[in-house]
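Results of the structural survey
The primary structure of each chain is shown beneath.
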Amino acid sequence: EAAPPAGLPPAAWRTADLLDAAAMRDAVAAARPGAIVHLAGQSSAARSFQAPAETFRANVLGTWHVLEAARTAAPEARVLVIGSGEAYGPQPEGSRTGEDTPFAPVSPYALSKAAAESLALAHARAHGLDVVCVRAFSHTGPGQDARFAIPGWARQIAAIERGEAGPTLAVGNLDVVRDIGDVRDVARAYAALLERGRAGVAYNVCRGEGVSLADVARALVDRARVPVEIVPDPARMRPADVPWLVGDPARLGADTGWWPEFTLARTLDDVLADWRSRAPSDG
């Protein structure tokens, strides 16, 4: 359940508990959508180790309720089910992972996303639903919650610059390589898939390039207006992690013509500017 974004007419928004099947069905019936983008759920891999049951309820049972609501109240709607590239698990260093790669999840979050996709595709086949699955790789941008690594680091740097914190940036495991996109490119990819994606097909949404989190942290520190030291924080380490995960967006590009427009440097600039502009209590 989420509050409607500020500035839009309340009549354009409805709220429903993802775990309440009847409420989801009623919300979809009232909206009569031509398309559904299913983004709701528990989105933190780190939190999933602390709350695996909650993660599975939100991500698997919640997806079932969305699909059932579509089947009964909007059977002609295209349903975009947003999964995660983390479902692939560890991949060979130097590789770019395509959609034919088997899943090997290492976190409860990744396992829940793999299960939700399997459920979605099976439900679509059984009931003739128009479902397209997304495997979104890491992405960030202005507005992302500080629970996630890059905005969390930007928030710390902004606080250091304001003199509200000491000159150390607390980080988790930096010895991993990720494919980090910009949320604005990702939103364009979702729109493209609603228009031109193939039903019953899964698509990687990613940049197709890897970057180490150590390099990302250093790039943000280099942008700081005061000296900042990077310091590992054991509390920020995951029980299990994926050393290398870079995706191949070729299928998405071939079917929709999508290609990323934002450079990682621009994304980091914008995330840091976002946190510099916020009040100290924002978070």
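Bringing a nonpolar patch on the surface into the picture now. Taken together, the side chains of Leu19, Leu61 and Trp64 present a nonpolar region at the surface, about 240 Å² in accessible area. Tracing the sequence through the fold places tryptophan 64 in helix H3 (residues 52-73).

Now for the environment of histidine 65. Along the polypeptide, histidine 65 turns up in helix H3. Residues histidine 65 and glycine 94 lie 29 residues apart in sequence; the distance between their C-alpha atoms is 38 Å. In this structure histidine 65 touches Leu18, Leu19, Asp20, Ala21 and Met24, once residues within four positions along its chain are discounted.

This part takes up empty space enclosed by the protein. Under the defined criterion, the tally for this structure stands at 1 cavity of 30 Å³ or more. If you add up the space inside the largest cavity, you get close to 70 Å³. As for the largest cavity, its lining consists of 13 residues, and the residues nearest its centre are Gly181, Asp182, Val186, Cys206 and Arg207. Taken together, the residues of the lining of the largest cavity break down into 6 nonpolar, 3 polar and 4 charged.

Ile150, Trp153 and Val216 are the most contacted members of the largest nonpolar core, which has 27 residues in total. When residues of this core are traced back to their parent elements, those giving at least two are helix H5 (149-161), strand S5 (168-171), helix H7 (213-223) and helix H9 (264-277). With 7 residues, the single largest contributor to this core is H7. Here tryptophan 153 is in contact with Leu169, Ala170, Val171, Leu174, Leu213, Val216, Ala217 and Leu220, once residues within four sequence places are set aside. In terms of nonpolar packing, the next biggest core, distinct from the first, is built from 21 residues, Met24, Ala69, Ala70 and Val81 among them.

To continue, consider H9. Note on helix geometry: an α-helix contains 3.6 residues per turn, so any two residues three or four positions apart are oriented the same way. Over its 14 residues, H9 extends 20 Å from the first C-alpha to the last, a length consistent with the 20 Å expected when each residue adds 1.5 Å. Taken residue by residue, H9 has Leu264, Thr267, Leu268, Asp270, Val271, Leu272, Asp274 and Trp275 as its buried positions. Structurally, H9 contributes buried residues whose contacts are with strand S4 (139-140), H5, strand S7 (181-182), helix H6 (183-196), strand S9 (211-212) and H7.

We now examine the sheet that holds strand S6 (residues 177-178). Taking strand neighbours across the sheet as the criterion, the 3 strands line up as S9-S6-S11 in an open arrangement whose pairing is mixed. Looking at strand neighbours, the two that pair on one side only are S9 and strand S11 (244-245), the edges of this open sheet.

What follows deals with the packing of H7 against H9. The contact between H7 and H9 brings their axes to 11 Å, and the two run at 55 degrees. One finds that H7 runs oblique with respect to H9. As for the relative orientation of H7 and H9, their crossing is right-handed in sense. Counting all contacts with H7, which are made through Val216, Ala219, Leu220 and Arg223, the residues of H9 involved are Leu264, Ala265, Leu268, Asp269, Leu272 and Arg276. Partitioned by chemical class, the residues of the contact of H7 with H9 number 7 nonpolar, no polar and 3 charged.

All right, on to helix H1 (residues 21-31) then. Listed as buried for H1 are Met24, Ala27 and Val28. All buried residues of H1 fall inside an arc of 95 degrees around its axis, so they share one side. For H1, the secondary structure elements touched by its buried residues are strand S1 (35-38) and H3. Here H1 starts with a cap whose side-chain oxygen sits 3.2 Å from the backbone nitrogen of alanine 22, and that cap is aspartate 20.

Glancing now at the pattern of salt bridges. Scanning the model with the defined rule gives 22 salt bridges in all. For the salt bridge of arginine 276 with glutamate 161, the shortest nitrogen-to-oxygen distance reads 2.7 Å. Here glutamate 161 lies in helix H5 and arginine 276 lies in helix H9, a separation of 115 residues in the sequence. Across the pair arginine 196 and glutamate 195 runs a salt bridge whose closest N-O atoms are separated by 2.8 Å. You can call arginine 196 partly exposed: its relative accessible area is 39%. Classification of glutamate 195 by relative accessible area gives exposed; the value is 62%. One network of salt bridges, with partners in common, ties together Asp182, Arg184, Arg266 and Asp270.

Rules used throughout
Residues numbered from 1 in each chain as written. Predicted model: local features only at pLDDT ≥ 70, side-chain atom pairs only at ≥ 80, totals over all residues. Heavy atoms only, no water. Patch = residues over 30% accessible without salt bridge, like charges linked within 9 Å, V, L, I, M, F, W, Y side chains within 5 Å. Areas by Shrake-Rupley, 256 points an atom, 1.4 Å probe, with all protein chains shown as cover. Salt bridge = Lys/Arg side-chain N within 4 Å of Asp/Glu carboxyl O. Helix = DSSP H or I, 4+ residues; strand = E, 2+ residues; numbered from the N terminus. Contact = heavy atoms within 4.5 Å. 1 Å grid on protein atoms, 1.4 Å probe; cavity = no way out; pocket = protein on both sides within 12 Å on 5 of 7 lines; lining within 4 Å. Points joined across faces, edges and corners; volume = space filled by probe spheres on them. Nonpolar A, V, L, I, M, F, W, Y, C, P; charged D, E, K, R; others polar. Core = buried A, V, L, I, M, F, W, Y, C linked by side-chain atoms within 4.5 Å. Buried < 20%, exposed > 50% of the residue type's maximum accessible area, 1.4 Å probe, protein only. Expected span 1.5 Å × (residues − 1). Pairing = 2+ DSSP bridges. Axes fitted to C-alpha atoms, helices over the stretch in contact; angles between N-to-C directions. Parallel < 35°, antiparallel > 145°, perpendicular 65-115°, else oblique. Left-handed = near helix turned anticlockwise from the far one by under 90°. Arc of directions from axis to C-beta. Polar contact = N/O pair within 3.5 Å; in protein donor to acceptor, adjacent residues only side chain to side chain.

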